[in-house]
Amino acid sequence: MGVARLLAKGWLVVCAFAAGHALARAVGGQVPPVAALVSAFVPMLLFGAMGFLFIAGYGLSSGHLLSRFKPVHFAPGFDEIVFALFVVLSFLIQVAPYHVSSGIVNALETAMRVAVPGQRALEASLARCNLDGGRAFSAAAAWLLAFVFLGSAISRVRISAALVRLERKRRIEPLGPQGIAFVLGVAGVAGIQFLFMGTLYRWLSCSLLGGLTGALLTGLAPLLLAYLIFAALTNLLATHPEG
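As the structure is a prediction and not an experimental result, all values here were calculated from the model.

Draft legend 1. Up close: the overall build of the chain. Helix and strand content of the chain: 13 helices and zero strands. Walking the chain from its N terminus toward its C terminus, one meets helices and strands in the order α-α-α-α-α-α-α-α-α-α-α-α-α. Within the chain, contacts between residues separated by at least 24 positions form 84% of all contacts whose residues are at least 6 apart in sequence. A total accessible area of about 12,800 Å² is found for the chain, and carbon and sulfur atoms account for 75% of it.

Draft legend 2. How the structure looks around the packing of aromatic side chains. In the structure shown here, the tally under the stated rule is nine aromatic pairs. Seen in terms of ring centroids, phenylalanine 149 and phenylalanine 230 are 6.3 Å apart; in terms of plane orientation they differ by 85°. Their pairing is edge-to-face. Of the two residues, phenylalanine 149 is situated in helix α7 (residues 135–154) and phenylalanine 230 in helix α13 (residues 221–238); the sequence distance between them amounts to 81 residues. Classification of phenylalanine 149 by relative accessible area gives buried; the value is 1%. Aromatic rings pair up to connect Phe83, Phe149, Tyr227 and Phe230 into one cluster.

Draft legend 3. Just the state of the cysteines, in detail. Enumeration over the complete set of coordinates arrives at one disulfide. Across the disulfide, cysteine 129 is cross-linked to cysteine 206 (sulfur-sulfur distance 2.0 Å). The chirality of the disulfide connecting cysteine 129 with cysteine 206 is left-handed, given an S-S dihedral of about -80°. One end of the pair, cysteine 129, is in the loop between α6 (117–128) and α7; the other, cysteine 206, is in helix α11 (residues 206–209), with 77 residues separating them in the sequence.

Draft legend 4. Spotlight on α13. Look at α13: 25 Å from first C-alpha to last across 18 residues, which is about the 26 Å you get at 1.5 Å a residue. For α13, the full list of buried residues reads Ala221, Pro222, Leu223, Leu225, Ala226, Tyr227, Phe230, Ala231, Ala232, Thr234, Asn235 and Ala238. Buried residues along α13 sit in contact with α1 (3–28), α4 (78–95), α7, α8 (157–168), α9 (176–196) and α12 (212–219).

Draft legend 5. Focus on the pattern of salt bridges. Under the defined criterion, the tally for this structure stands at three salt bridges. When the shortest N-O distance is used, the salt bridge between aspartate 79 and arginine 156 registers 2.5 Å. Remark: arginine 156 occurs in the loop between α7 and α8 and aspartate 79 occurs in helix α4; sequence separation between them is 77 residues. A salt bridge links glutamate 123 to arginine 113; the nearest nitrogen and oxygen atoms lie 2.6 Å apart. You can see glutamate 123 sitting in helix α6 and its partner arginine 113 sitting in helix α5 (residues 103–115), a full ten residues away along the chain. Among the residues examined, arginine 113 registers a relative accessible area of 27% and is labelled partly exposed. Where salt bridges share partners, they join Glu109, Arg113 and Glu123 into one cluster.

Draft legend 6. The side chain of arginine 165, seen in detail. Tracing the backbone shows arginine 165 in helix α8. For arginine 165, a relative accessible area of 18% gives the class buried.

Draft legend 7. Highlighting the packing of α1 against α12. One way to put it is that α1 packs onto α12 with a least axis distance of 10 Å and a crossing angle of 125°. Taken together, the axes of α1 and α12 are oblique relative to one another. Crossing hand, α1 versus α12: right-handed. Contacts between α1 and α12 involve Val14, Phe17, Ala18, His21 and Arg25 from the former and Leu212, Ala215, Leu216 and Gly219 from the latter. In the contact of α1 with α12, the residues fall into six nonpolar, two polar and one charged.

Conventions and cut-offs
Residues numbered from 1 in each chain as written. Predicted model: local features only at pLDDT ≥ 70, side-chain atom pairs only at ≥ 80, totals over all residues. Heavy atoms only, no water. Helix = DSSP H or I, 4+ residues; strand = E, 2+ residues; numbered from the N terminus. Contact = heavy atoms within 4.5 Å. Areas by Shrake-Rupley, 256 points an atom, 1.4 Å probe, with all protein chains shown as cover. Phe/Tyr/Trp six-rings, centres within 6.5 Å; stacked < 30°, edge-to-face > 60°. Buried < 20%, exposed > 50% of the residue type's maximum accessible area, 1.4 Å probe, protein only. Disulfide = S-S within 2.5 Å. Expected span 1.5 Å × (residues − 1). Salt bridge = Lys/Arg side-chain N within 4 Å of Asp/Glu carboxyl O. Axes fitted to C-alpha atoms, helices over the stretch in contact; angles between N-to-C directions. Parallel < 35°, antiparallel > 145°, perpendicular 65-115°, else oblique. Left-handed = near helix turned anticlockwise from the far one by under 90°. Nonpolar A, V, L, I, M, F, W, Y, C, P; charged D, E, K, R; others polar.

This is the structure:
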């Protein structure tokens, strides 16, 4: 769970999720299929290449990326497969034509309002901007999926930490074990404050909240935060020889 690989995987998920939403909106706007594909995936390729260029620069700065890089390092494990499936499910919930108001939907939104302060902040911002269209339910579902993923991943965190320790015997990270754990820990605390506590939602303008940025923050960001917390805990345990 090196920083470069985490950044690469996270950037890939963000680009793919954003491209999917751009494609869905283009198709919903009666754009021809070919034009919709071009408008969605050309920006994804450009932004993806730009991000991977910076990430590769960080990896090259350590002096060992080219000599020790193997495609197997990006092969998904069980947690990554579950994470990807949850991301797809969250995307499908967001692009659904409508969300039926029912007892289960209302119960989920109510439960997330109690458990997640950020859900209440998001709904307040949606009400301020006169936005809904299933956005509150999409965010509540994303938080539920994030909790399920985090609980599942944490149940195997000691095994993941042991694998990270074995990997570090073959690959030296430029930041060192303590440095990686510190960086991921700080990023996790910031994510909790901005997303779980809802500070970021209060700062968003209505145009951002109703656009692609809002879709990313409500449908993908909770899952990314859960994965970041799992990665931080894994790296923290991996710093101890018997963690």
